[in-house]
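What follows is the residue order along each chain.
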Amino acid sequence: DLSAGEVTAFVVAQSVQRPKSVKRIVTALWSLLGFLHVQGITGRPLAAAVPPVAGWTLTGLPRALEAGQVAALLASCDQRTSTGRRDLAILTLLARLGLRAGEVAALTLDDIDWRCGEITVRGKGNRRDRLPLPADAGERIASYLQDGRPAAAQGRAVFVRAQAPYRALTSNGVTTVVAVAGRRAGTGLVSAHRLRHSAATAMLRGGGSLTEIGQVPVIMPNTHSRERLPPPTRRPASA
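Predicted model, so just to flag it, every value in this text is computed and none were measured.

With that out of the way, let us pick up the overall build of the protein chain. Secondary structure summary: the protein chain contains nine helices and three strands in total. For the protein chain, the succession of helices and strands along the chain, N to C, is α-α-α-α-α-β-β-β-α-α-α-α. The proportion of buried residues among the 239 residues of the protein chain is 43%. Within the protein chain, counting contacts between residues at least 6 apart in sequence, those at least 24 apart form 60% of the total.

Structural data, given as structure tokens:
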């Protein structure tokens, strides 16, 4: 006895009560109503009565961090510890180059060209980009490799877990590093994607076009220096 009006009313009510879940609910409802009709439980194909959910393209756009907030995130890392040096290098890459969490996690020792001051980023769809490595980012990576990355680290990943077994840090691990830094700095919930958006916003303010931002991995203004960086003075044992 289910009617089209009841189906529509249900979706409208769910959009108010559970706005973040309504798209999943609609998808499940389409499947359920189609199944019920095929099985003869409902006499009419009520899936057509399910209203579509509007998808606003900018509703999920994160709010960019201010320069002071980014500075607070970086300052929250205790450089006296190996974990602090690792986290500072990670946060610097995210904030300065606008990298994704997965791109930072995928970095290997072979991706850093110290003499040319460049870094190879492995992006989506097996894309590889060579980017200038800002001097401060290179210095912080070198500091971690010299005095933070465990000698027993497994594989060639740049960033590894802080506790044994010292395997490569995952993208979720990078996301956790950012979230913990946000709590320490008092900036609230911060994600790697929000840092990427902040980098893009800064680039836009610095005169970059939307087309440029969309075509290349984001580079913060005034970080295009190709100043050559010296390789770490002490090569990590696991390298």
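Quick look at helix H4 (residues 82-97) now. Think of an α-helix as 3.6 residues a turn; residues three or four steps apart then line up on the same face. Helix length check: H4, at 16 residues, gives a terminal C-alpha distance of 22 Å against a target of 22 Å (1.5 Å per residue), a fit within 8%. With 13 of 16 residues buried, H4 lies mostly within the body of the structure. Of the residues trailing H4, Gly98 is marked for its positive phi of about 65°.

So, on to the pattern of salt bridges. Using the criterion set out here, one finds nine salt bridges in the structure. In this structure, Arg80 and Asp78 form a salt bridge, with 2.9 Å as the shortest nitrogen-oxygen distance. Residue Asp111 is joined to Arg122 by a salt bridge in which the shortest nitrogen-to-oxygen separation is 2.7 Å. Remark: Arg122 occurs in strand S2 (residues 118-122) and Asp111 occurs in the loop between helix H5 (101-105) and strand S1 (112-113); sequence separation between them is 11 residues. Judged by its relative accessible area of 5%, Asp111 is buried.

With that settled, the discussion passes to unusual backbone geometry. Backbone torsion omega between Ala164 and Pro165 reads 0°, so that peptide bond is classified as cis. For Pro165, the position within the fold is in the loop between helix H6 (135-147) and helix H7 (171-185).

The description of two packed helices rests on the angle between their axes and on the distance between the axes. Closest axis-to-axis distance for the H4/H7 pair is 10 Å, and the angle between their directions is 100°. Classified by the angle their axes make, H4 and H7 are roughly perpendicular. Contacts between H4 and H7 pair Arg86, Asp87, Ile90, Leu91 and Leu94 from the former with Val174, Val177, Val178, Ala181 and Arg184 from the latter.

Quick look at the pairing of S2 now. Burial analysis of S2 places four of its five residues in the buried class, which makes it a mostly covered element. Sheet topology places S1 next to S2; two bridges connect them, and they run antiparallel. The partner of Ile112 across the bridge, within S2, is Ile119. Between the antiparallel neighbours S1 and S2 lie four residues, among them Gly117 with a positive phi of about 65°. Pairing geometry for S2 and strand S3 (residues 128-132), over five bridges, is antiparallel. Residue pairing in the sheet places Arg122 in a bridge with Arg128 of S3. Between S2 and the antiparallel strand that follows it, S3, lie five residues; Gly125 among them carries a positive phi value of about 65°.

To continue, consider the packing of aromatic side chains. All told, the structure shown has one aromatic pair when counted by the stated rule. Between the aromatic rings of Tyr144 and Phe159, the centroid separation amounts to 5.7 Å while the plane-to-plane angle is 25°, which identifies the pairing as stacked. Residue Tyr144 is found in helix H6, and its partner Phe159 is found in the loop between H6 and H7; the two are separated by 15 residues along the sequence.

This brings us to the side chain of Thr187. Its place among the elements puts Thr187 in the loop between H7 and helix H8 (192-205). Residue contacts for Thr187: discarding those within four places in its chain leaves Gln69, Leu73, Gly182 and Arg194.

On the surface, a nonpolar cluster with roughly 310 Å² of combined accessible area is contributed by Leu32, Phe35 and Ile41. Inspection of the secondary structure puts Phe35 in helix H2 (residues 22-38).

Definitions and cut-offs
Residues numbered from 1 in each chain as written. Predicted model: local features only at pLDDT ≥ 70, side-chain atom pairs only at ≥ 80, totals over all residues. Heavy atoms only, no water. Helix = DSSP H or I, 4+ residues; strand = E, 2+ residues; numbered from the N terminus. Buried < 20%, exposed > 50% of the residue type's maximum accessible area, 1.4 Å probe, protein only. Contact = heavy atoms within 4.5 Å. Expected span 1.5 Å × (residues − 1). Salt bridge = Lys/Arg side-chain N within 4 Å of Asp/Glu carboxyl O. Axes fitted to C-alpha atoms, helices over the stretch in contact; angles between N-to-C directions. Parallel < 35°, antiparallel > 145°, perpendicular 65-115°, else oblique. Pairing = 2+ DSSP bridges. Phe/Tyr/Trp six-rings, centres within 6.5 Å; stacked < 30°, edge-to-face > 60°. Patch = residues over 30% accessible without salt bridge, like charges linked within 9 Å, V, L, I, M, F, W, Y side chains within 5 Å. Areas by Shrake-Rupley, 256 points an atom, 1.4 Å probe, with all protein chains shown as cover.

The quantities given are spatial measurements derived from coordinates; they are silent on function.
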